[in-house]
Structure formats: C-alpha cells, structure tokens
Amino acid sequence: MERALITGLGVISCLGRGADTLWEALHAGPHGPRRVADPGANVDIPLVYLVPDADLPTEPTTWADAPVGPASRLAVAAAREALDDAGIVGAVRRGDVRPERVAVLLGTTMGDHQVRERERSGEWAPSAGWHTEYLVASVVADLLGGQGPVSTNSNACAASGYAIGLAVDMIRAGEADVVLVGGAEAYSRLAVANFHRMGATDPERCRPFDQGRKGTVSGEAAAMLVVEAASVARRRGASVYAEIAATGWSCDAHHPTAPEPGGAQIDAAMRRALRDGATSPAEIACVVPHGTGTELNDVVESEALRTLFGDRPVPLYSLKAQVGHTAGAAAGLAVATAALILFTRAVPPNVPLDAPDERCPVWLPVEARPLAGRAVLANAYAFGGNNVSVLLRSVPA
Amino acid sequence: MTARIVVTGVGAASPWGDDPAGLWADAPRDAVPDGWFDVRGQLGARGYKYLPPACRYLLAAGRRALAGLPAVPGPDLGVAIGTNHAASALHADMDDTVLRGGADQLSPALAPFFAVNVFVSRLAIEHTARAFSLTLTTPWTAGLESLHVASRSLRLGRAEVVLAGATEAGDGSAGAEEGAAVFVLEPRDLAERRGAPVLGHVATHTGFLPPTGPDATAVVRAAWAALDTGPAPVTLFADDSAVGAAVDRAVRGVADELTVLPLAAGTVGPAWQVAAVLAGGVRAAVPAGARSGRSGVTEGHRTHVIAVASRAGTVAFTAVTREGGS
C-alpha cells in the first residue's frame with residue numbers, strides 16, 4: 001500500500017501568512033483575540049482570533065458567477081503556498097504528476113456562510129439564485145484546472161482531520177497520486193453566537209488546560225497540505241516534511257455536543273491510528289492535542305492521554321493557546337504544526353498557564369525543546385462526537 | 001465480476017413517497033408539497049420535537065434502510081451522509097434571531113445544529129455508530145460521493161457496515177430538495193454470513209471540471225473505465241452551466257440511453273434514483289424484450305448509471321447494479 005507523505009505546507013492564521021511565519025510566531029509571545037467589527041454580532045463576547053487585516057487576501061470575490069467569501073480566499077492563499085512549496089504546478093507542467101490524479105479535499109464548518117451573513121445584515125446586496133456555501137474546494141481546485149476528485153466535509157472542529165484521513169485513504173486505495181488537503185474557516189457570526197448560547201466561550205482568550213478556562217475562543221485560518229504518494233514524491237525528488245502514517249477515526253454516538261465523559265472513543269481513535277501506523281505509544285514524542293479550553297473536553301482528553309501513555313511524561317504543544325479554535329481548519333493547522341515539529345525536530349514553547357488544572361495531568365513545557373523521537377500525534381474532536389487522530393512520523397532524508 | 005461491497009438496505013423519506021421503488025424520476029419533479037412529513041407517524045410521539053426537519057428525514061430513512069436487518073455492533077458501524085442545505089433554513093432563522101434580539105435569544109435545544117455534522121451524528125447516536133460519522137458537503141455530488149466513501153472505508157477496514165446517503169430540507173428557495181435516502185453497505189461475505197439480503201452493488205467515480213471551457217471527454221472516459229460497466233442507460237442530473245453541457249455532450253458518446261434531468265438544489269435527488277434502481281423500481285424506458293440502443297442488449301438492464309454535473313465543477317457517476325435478474 002502506498003505511503004502518504006507531506007511535501008508542501010500553506011498556512012494563514014491570526015499569526016499571519018505563511019508556514020514560516022507561523023513557526024516563528026509560535027516561538028514569540030502569546031497572541032490574543034480581537035473584537036470583531038461586525039455590527040450584527042449581538043453577543044456578549046465578540047472575540048475572535050482574526051487574520052490580520054494586512055494579511056487578508058482580497059481575491060477572489062466571485063467564482064463561476066457565485067459570490068465567494070473569506071473562507072475561499074483564505075483557502076486559496078494557503079493552497080497557493082502549499083502548491084508552490086511542493087512544486088506541484090511545475091510537476092504537472094513537466095508531466096511528473098498527472099492532473100487527473102490530483103485531488104482536492106477540504107474541511108470546513110461554515111464554508112462561505114459569511115457571505116449570507118453580510119447579505120442578511122444589509123452590508124452586501126443579496127445575490128440572486130441558489131448558492132451553496134461549500135464552494136471553497138471548487139475555488140481551490142480551479143487553481144489546478146485538473147479533473148481529479150474534489151470533496152468537502154463539514155465534520156465541524158474535526159473537519160480537516162477527516163479531510164486528511166480521506167486523503168490518506170485515497171492514496172492508499174490508488175485513487176490519487178497527490179492530494180491538496182486541509183481546512184478553512186472564516187469568522188461567522190452564527191458560529192460565535194451559538195458557541196456563546198451554549199456557554200462555551202471564554203471572555204478573555206483561549207487557554208486550554210488552565211484552571212480558569214471558561215470555554216474556547218474561535219479563530220480564522222486556512223491550512224493546506226500537499227499529501228503525496230511516496231512513489232511519486234520519490235520519483236520527482238520532492239522534499240518531505242513527514243509521513244502521515246495513519247489516521248484513526250471514531251464517533252462517540254453519545255450526545256450532540258458534550259464529549260462522552262469516559263473518553264472511550266477518543267481513546268479508540270488514538271489507538272486505531274497507532275495500530276494502523278504500526279507505532280507504539282512509547283514512540284510518541286509529542287502530541288498536538290485538540291485542547292480547546294472547553295471545561296469538560298480538556299479534562300476528558302487529558303485523561304485519555306494519561307490512559308494511553310501511563311506515567312510517561314509526553315510533551316504537548318497546545319496550539320490553540322496561540323491561534324484560537326479555528327474549527328474546520330483546526331486539525332489542518334495542528335497537522336501542519338506537527339509536521340514542522342518533526343521536520344525541525346523541535347517542540348515550540350507553550351504559552352504559560354496562569355494556573356494548571358489539576359484535573360488535566362498534561363505536560364506543557366514552556367521552553368522550546370528538542371524533539372525526542374520520530375512520531376507525533378495530532379488530535380481533533382468535534383460536536384457530534386466526531387473524533388480523529390492523525391499520526392505523523394519522520395521520514396529519513 | 002462479483003462485487004465485494006454490496007448494498008443490503010435502502011430507505012427513503014420523500015415528498016413523493018417512502019417506497020424507494022417509487023422514486024425513479026424520468027421527468028422533472030413538481031414543487032414540494034407542504035406538510036408531507038408527519039413527525040409523529042414517522043418517528044414517534046416523543047423525542048423529536050426539537051430536531052430540525054433534515055434530521056427527522058434522515059432518521060426516518062435510516063430506520064427504513066435498517067428495518068429487518070440484523071443489528072450491527074456499534075464499533076463496527078460507520079455513517080457517511082451528504083448534504084448541502086440541511087441547516088440552511090435553521091441558519092437563516094438563527095441569524096435573524098441574533099440580528100434582532102441577540103445570541104441570548106437563540107434556542108439552546110437547536111444551538112448545536114448550527115454545525116451541520118450534528119444532523120448526521122444524530123443518526124450515528126440513534127444506531128450507536130462508533131466507527132465514524134462523516135458529513136460530506138461537496139456541492140451536489142455529496143450524496144453519490146457518500147456511496148464511494150462508504151465502499152472505500154469498508155475496503156480499508158474502517159467499519160464492517162456503513163450507512164451512506166443524503167438528506168436535505170427546504171431552505172425557502174424554489175426548487176430546493178427535501179427528504180432523505182439511506183443505504184446500508186457491507187462486504188458481501190458479511191451479508192451472507194449474517195443473512196442480510198443483497199439488493200445490488202454500486203461503484204462511483206467523481207471528478208472536477210473548471211467552469212470555464214470545460215471538456216468532459218477525459219473525465220467521462222475515466223469514469224466508464226473505473227465503473228467497469230459497459231454500455232448502460234444513464235440518468236444525468238445537470239444544470240445549465242458549461243459543466244452540465246460538457247458532461248451531457250461527453251456522456252452521449254457512451255450512454256446506451258440518456259435521460260437528462262434538471263439538477264435541483266441539493267444532494268438527495270440522485271441518491272433517490274440510485275435507491276429506485278436497487279429497489280427494482282425502474283420504469284421501462286423501452287418496451288420489454290425490445291432491442292434498444294447501440295448495445296443491442298434487451299430491455300431489463302441490471303446496471304444503470306446515475307450522473308451529476310454542476311456549476312460548482314463537481315461531477316459524479318454512480319453505476320448501480322441490481323442483484324440477480326432484472
């Protein structure tokens with residue numbers, strides 16, 4: 001079965017544009033959310049980890065006669081970077097990669113729903129006809145002009161994790177040679193308002209595993225990866241960040257929003273990834289947890305990690321403390337970060353907690369440290385109990 | 001060739017009846033009648049009041065698809081369902097509430113459903129499907145795509161049995177689909193072992209065509225090679241975009257008979273067409289026993305191809321083969 005390698009990265013988030021920028025910013029001081037400028041955001045806590053205005057891409061505004069919003073623009077910006085990084089456009093031109101063997105897979109919760117929100121609040125004129133908010137992957141696929149499969153899933157905060165899982169499955173099944181895959185999420189009034197209604201919003205910032213945490217704070221981002229069949233990457237001499245050794249999936253089948261308190265299914269997802277990737281828990285050198293700052297979720301994930309690793313301290317990199325909860329893009333961002341951790345062989349410093357929650361027995365080193373091993377796990381969980389764990393491994397140069 | 005992954009259950013909830021055999025379309029559908037879904041009659045008296053319509057349709061179709069089949073252990077069951085506008089009407093209501101009164105006025109019971117995967121995960125909860133729950137939102141093709149994702153997930157061992165299909169609810173716009181279809185897919189040897197009736201099998205190929213100057217020749221050729229079907233009658237759901245026209249032109253070169261229907265807003269119509277074939281509900285396009293089309297095969301095709309081509313560039317082709325005789 002073909003192995004799936006990451007050969008390109010593209011990222012845009014509140015920390016700016018570019019995977020290099022992300023990596024540098026993760027080593028700088030903590031970043032905070034901003035108030036949204038949306039006059040219709042009638043919520044007590046209108047805080048979002050917004051992409052800086054200077055970094056917000058302005059094109060495209062329409063695609064195939066339909067209005068497209070910032071989620072599509074973020075995705076296009078991240079996709080261009082990932083394609084350039086991997087040299088895919090040139091590889092297609094040279095005939096090293098066949099365009100019909102390139103797939104585009106995307107995860108997003110709200111897609112371009114912001115277009116509807118701006119139309120409803122009178123900011124933009126209503127568009128005529130029926131439009132779907134899920135055009136994002138099509139807009140990205142049009143960059144390549146290829147004929148390979150295009151797919152979108154909306155598994156909420158795990159969506160891009162499932163997109164990456166589907167990408168690996170497609171490569172293993174021989175359905176694609178290259179998959180441009182990731183997630184995109186832009187500010188949505190509706191999402192912020194409903195998180196608020198469910199009491200799941202922190203009034204200050206996103207502070208996973210902190211005793212004082214009161215919920216999550218959403219963020220904007222797109223993270224795209226070029227995932228490539230090993231035989232194709234080797235043949236064309238592509239440089240490789242890491243291998244995606246496996247993805248483990250599970251579903252709580254428990255409650256629309258609350259996690260199954262015993263964590264049995266998130267444990268199952270991690271163990272499936274490890275088993276499928278022929279990796280033991282002892283080999284895991286770092287975890288990028290789901291860790292959203294939501295009261296119960298952080299406790300359940302901490303306990304599941306403790307069950308998996310026992311008393312062995314495994315460093316976590318708590319990414320959302322820097323970028324907020326980027327929903328459909330969150331897993332893509334976590335996997336991109338995990339790939340950079342493996343590639344640079346270093347774990348960035350965590351944002352220090354004000355006070356650790358003793359119910360969350362996790363190790364969050366606040367100094368940068370060398371990576372002591374060859375495997376990293378990234379977790380993503382969503383409403384509906386949709387869980388995914390992505391196992392990445394170093395690839396010998 | 002004996003297909004390794006088969007369909008063992010089909011269920012529908014539709015404004016045109018709930019018997020999948022009655023859902024074959026050979027002409028554009030009428031407007032959706034009001035009040036077609038009776039919640040109490042379809043689902044029961046309690047527990048469904050606060051479920052949005054697309055979730056109710058999905059649960060009803062899921063129960064019908066699984067009716068009479070042996071129960072599947074939760075860890076072995078996965079769910080992959082397509083939708084484009086299951087949440088759209090709810091989103092509009094919620095946003096109106098936020099704009100007029102603020103987030104505090106939102107219904108706490110409905111709040112989780114702002115995330116469309118919660119609709120699908122409710123089906124997973126009902127059947128304790130713990131292998132996975134996947135909500136596909138690819139424009140127009142997600143219903144057919146769900147069959148493909150289900151098959152691949154079964155082949156790769158992600159589940160023993162997968163519920164695939166689609167669900168949609170009215171979103172206030174003309175022509176938006178309403179209703180659901182659910183299919184039960186599993187390996188043939190498992191179906192035989194557990195005594196599940198094999199209705200038939202499906203194979204799906206998906207692709208993308210750029211909206212400007214698309215040429216569908218290659219993608220249609222690739223689809224027919226992947227589907228391994230030979231000449232077959234084709235139902236193409238296409239819109240009036242350049243992509244729809246390109247696929248229409250290219251399919252004419254390979255279709256045994258071609259019916260082109262307008263592509264309604266949503267993902268469920270093509271899935272109903274698949275359901276109708278599996279349930280033996282295809283109306284004869286030519287008189288029984290007559291020689292038809294280029295292939296010269298007699299009427300009573302076991303295989304039909306259901307295709308979608310949309311202005312989003314998304315295209316999908318599903319070959320549906322009924323088990324046994326025609």
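The rules behind these values
- Every chain begins its residue count from 1, and numbering advances along the sequence as written.
- Chain labels run from A onward and ligand labels from 1 onward, assigned in the order the entries are written.
- It should be noted that, the model being predicted, local features are given only for residues of pLDDT at least 70 and side-chain atom pairs only at 80 or more, the latter also being counted only at that level, while totals for whole chains, interfaces and linings use all residues.
- Only DSSP runs of H or I covering at least 4 residues are called helices, and only runs of E covering at least 2 are called strands; the numbering of each starts at the N terminus.
- Radius of gyration here uses only the C-alpha atoms, and the compact-globule reference equals 2.2 Å multiplied by the residue count raised to the power 0.38.
- A residue is called partly exposed when the number of other C-beta atoms within 10 Å of its own lies between 12 and 20, exposed at 12 or fewer, and buried at 20 or more, with C-beta atoms placed from the backbone.
- Working definition of a contact: two residues with C-beta atoms, positioned from the backbone, lying within 7 Å.
- Confidence scores labelled pLDDT are given residue by residue by the predictor and lie between 0 and 100.
- A set of buried Ala, Val, Leu, Ile, Met, Phe, Trp, Tyr and Cys residues, joined to one another through C-beta atoms within 7 Å, is what we call a nonpolar core.
- Here a strand pair is declared whenever DSSP counts at least two bridges between the two strands.
- When residue character is reported, Ala, Val, Leu, Ile, Met, Phe, Trp, Tyr, Cys and Pro are called nonpolar, Asp, Glu, Lys and Arg charged, and the others, Gly included, polar.
- In this analysis an axis means a line fitted to C-alpha atoms, helices contributing only their contacting stretch, and an angle means the value between N-to-C directions, from 0 to 180 degrees.
- What a helix should span is 1.5 Å times the count of its residues minus one.
- Roughly parallel refers to an angle under 35 degrees, roughly antiparallel to one over 145, roughly perpendicular to one between 65 and 115, and oblique to any angle outside these ranges.
- Each crossing is labelled by how the near helix is turned from the far one, with a counterclockwise turn of less than a right angle marking it left-handed and a clockwise turn marking it right-handed.

A few words on the overall build of chain B. Counting its regular elements, chain B contains nine helices and 10 strands. For 326 residues, the compact-globule formula gives about 20 Å, and the C-alpha radius of gyration of chain B, at 19 Å, lands near that figure. Over its C-alpha atoms, taken along the principal directions, chain B stretches across nearly 65 × 50 × 35 Å. Burial statistics for chain B: of 326 residues in total, 58% are counted as buried. Sequence-distant contacts, at least 24 apart, represent 77% of the contacts inside chain B between residues at least 6 apart.

The helix and strand inventory of chain A stands at 12 helices and 16 strands. Computed over C-alpha atoms, the radius of gyration of chain A comes to 19 Å, within 12% of the 21 Å expected from 2.2 N^0.38 for 397 residues, which places it in the range of a compact globule. Viewed in the frame of its principal axes, chain A has a C-alpha envelope of about 55 × 55 × 40 Å. Within chain A, residue pairs in contact and separated by at least 24 positions form 81% of the contacts whose partners lie at least 6 positions apart.

Here the focus is the environment of A:Ala372. Mapped onto the elements, A:Ala372 comes out in the loop between β14 (369-370) and β15 (375-382). Spatially, the C-alpha atoms of A:Ala372 and A:Leu342 are 9.9 Å apart, while their sequence positions differ by 30 residues.

Taken over all residues, the pLDDT of chain B has a mean of 92, while the share at 70 or more is 93%. Ignoring residues within four places in sequence, the model shows residues 284-299 of chain B, a span with pLDDT below 50, making 23 contacts including any to other chains.

Judged by nonpolar contacts, the single largest core of 266 residues is most densely connected at A:Ala75, A:Ala167, A:Ala339, A:Val376, A:Leu392, B:Val247 and B:Ala307. It is helix α12 (residues 330-344) of chain A that provides the largest number of residues to this core, a total of 12 residues. Leave out the neighbours within four places in its chain, and B:Ala307 touches B:Val234, B:Thr235, B:Leu236, B:Phe237, B:Val247, B:Val251, B:Ala316 and B:Phe317.

So, on to unusual backbone geometry. Residue and element names in this part refer to chain A. A cis amide bond, omega -5 degrees, links Glu-59 with the succeeding residue Pro-60. Within the secondary structure layout, Pro-60 lies in the loop between β4 (47-48) and β5 (62-63). One non-glycine residue with positive phi stands out, namely Ala-327, at about 50 degrees. Note on placement: Ala-327 falls in the loop between α11 (320-323) and α12. Phi is positive for Arg-345, close to 55 degrees, though the residue is something other than glycine. Within the secondary structure, Arg-345 is located in the loop between α12 and β13 (346-347).

As a further point, take the pairing of strand β10 (residues 314-322) of chain B. Residue and element names in this part refer to chain B. Buried residues dominate β10, accounting for nine of its nine residues. Across the two faces of β10 the burial is the same, with Thr-314, Ala-316, Thr-318, Val-320 and Arg-322 and Val-315, Phe-317, Ala-319 and Thr-321 all buried. One ladder, built from nine bridges, connects strand β6 (residues 200-208) with β10; its direction is antiparallel. By the bridge assignment for β10, Val-202 is matched with Val-320.

On to the interface of chain A and chain B, then. Listed by partner, the interface residues are 55 residues for chain A and 56 residues for chain B. Listed by contribution, the elements that provide at least two residues to the side of chain A that touches chain B are α4 (113-120), α5 (136-141), β8 (150-153), α6 (159-172), α7 (189-197) and β11 (242-251) of chain A. Of the residues forming the side of chain A that touches chain B, the biggest block, seven residues, is contributed by α7(A). Residues belonging to the side of chain A that touches chain B are distributed by class as follows: 22 nonpolar, 25 polar and eight charged.

Following both chains from N to C, one finds α6(A) and α12(A) inclined at 65 degrees, their axes separated by 5 Å at the closest point. Here α6(A) contributes A:Ser160, A:Gly161 and A:Ile164 to the contact with α12(A), which in turn contributes A:Ala330, A:Ala331, A:Gly332 and A:Val335.

Turning our attention to helix α4 (residues 117-126) of chain B. Residues and elements named next belong to chain B. Of all the 10 residues making up α4, nine are buried; the element is thus mostly covered by neighbouring parts of the structure. The set of residues buried in α4 consists of Asn-117, Val-118, Phe-119, Val-120, Ser-121, Arg-122, Leu-123, Ala-124 and Ile-125. Trailing α4 by a residue or two, Thr-128 shows a phi angle of about 40 degrees, which is positive.

Attention now moves to helix α5 (residues 142-155) of chain B. Its 14 residues give α5(B) an end-to-end C-alpha distance of 20 Å, which sits within 8% of 20 Å, the value for a rise of 1.5 Å per residue. After α5(B) finishes, the residue B:Gly157 shows a positive phi value of roughly 80 degrees.

The side chains of a regular strand alternate, first on one face of the sheet and then on the other. Along β6(B), nine of the nine residues are buried, which leaves the element largely enclosed by surrounding structure. Here β6(B) shows a buried face lined by B:Gly200, B:Val202, B:Thr204, B:Thr206 and B:Phe208 and a second buried face lined by B:His201, B:Ala203, B:His205 and B:Gly207.

When two helices pack together, you describe them by how their axes are tilted relative to each other and by the distance separating the axes. Residues and elements named next belong to chain A. Interhelical geometry of helix α9 (residues 264-276) versus helix α10 (residues 295-309) gives an angle of 45 degrees and a closest axis separation of 9 Å. Relative to α10, the element α9 is oriented oblique. Crossing hand, α9 versus α10: right-handed. Residues Ile-266, Asp-267 and Met-270 of α9 form the contact with α10, whose participating residues are Val-300, Glu-301, Ala-304, Thr-307 and Leu-308.

Now for the environment of A:Ala103. Residues and elements named next belong to chain A. For Ala-103, the location among the structural elements is in strand β7 (residues 102-107). The class for Ala-103 is buried, based on 28 C-beta atoms found within 10 Å. The spatial distance from the C-alpha of Ala-103 to the C-alpha of Glu-301 is 32 Å, given a sequence separation of 198 residues. Among residues more than four places away in sequence, those in contact with Ala-103 are Gly-148, Pro-149, Met-170, Ala-176 and Val-179.

Our next topic: the environment of B:Ala180. All names here are of chain B. Looking at the secondary structure, you find Ala-180 in strand β5 (residues 179-187). On the neighbour-count criterion, Ala-180 (37 C-beta atoms within 10 Å) is buried. Residues Ala-180 and Ala-61, spaced 119 residues apart in sequence, show a C-alpha to C-alpha distance of 6.1 Å.

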